[in-house]
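# Geometric and topological summary
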Amino acid sequence: METSNSPHVPAPQVPVMTVERFSELSGLTPDTVRGQLNQGNLPLIKVGRRRLVNVALFTAECLQSEDWH
């Protein structure tokens, strides 16, 4: 099996969440979260007509950023 030098990313218990729930947990207003989604600063996934924050991808992107040490 091949080993990796990238950080281990634990699987989030909730891979996606609503804008409202992400807002509650992050302390951002729902409008701010929607704005960040619209600008492409937060990853989103569409399920039917709903737009959900892709928490799993967001976590992975944060851990892989250059500032992570």
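Placed above this text is the structure.
Every value quoted in this text rests on a predicted model; they were computed, and no experiment measured them.

What counts, and where the lines are drawn
- Residues numbered from 1 in each chain as written.
- Predicted model: local features only at pLDDT ≥ 70, side-chain atom pairs only at ≥ 80, totals over all residues.
- Heavy atoms only, no water.
- Helix = DSSP H or I, 4+ residues; strand = E, 2+ residues; numbered from the N terminus.
- Contact = heavy atoms within 4.5 Å.
- Core = buried A, V, L, I, M, F, W, Y, C linked by side-chain atoms within 4.5 Å.
- Buried < 20%, exposed > 50% of the residue type's maximum accessible area, 1.4 Å probe, protein only.

## Observations regarding the environment of Phe 58
Turning to its location among the elements, Phe 58 is positioned in helix H3 (residues 55-64). Remark: the alpha-carbon pair of Phe 58 and Leu 42, spanning 16 residues in sequence, is separated by 6.7 Å. If we ignore the near neighbours within four places in the chain, the residues touching Phe 58 are Phe 22, Leu 42 and Pro 43.

## Points about the nonpolar core
Counting 8 residues, the largest nonpolar core consists of Met 17, Val 19, Phe 22, Val 33, Leu 37, Leu 42, Val 53 and Val 55. Where this core is concerned, the elements lending two or more residues are helix H1 (19-26) and helix H2 (30-39). Contact partners of Met 17, with chain neighbours within four places excluded, come to Phe 22, Leu 25, Leu 52, Val 53 and Val 55.

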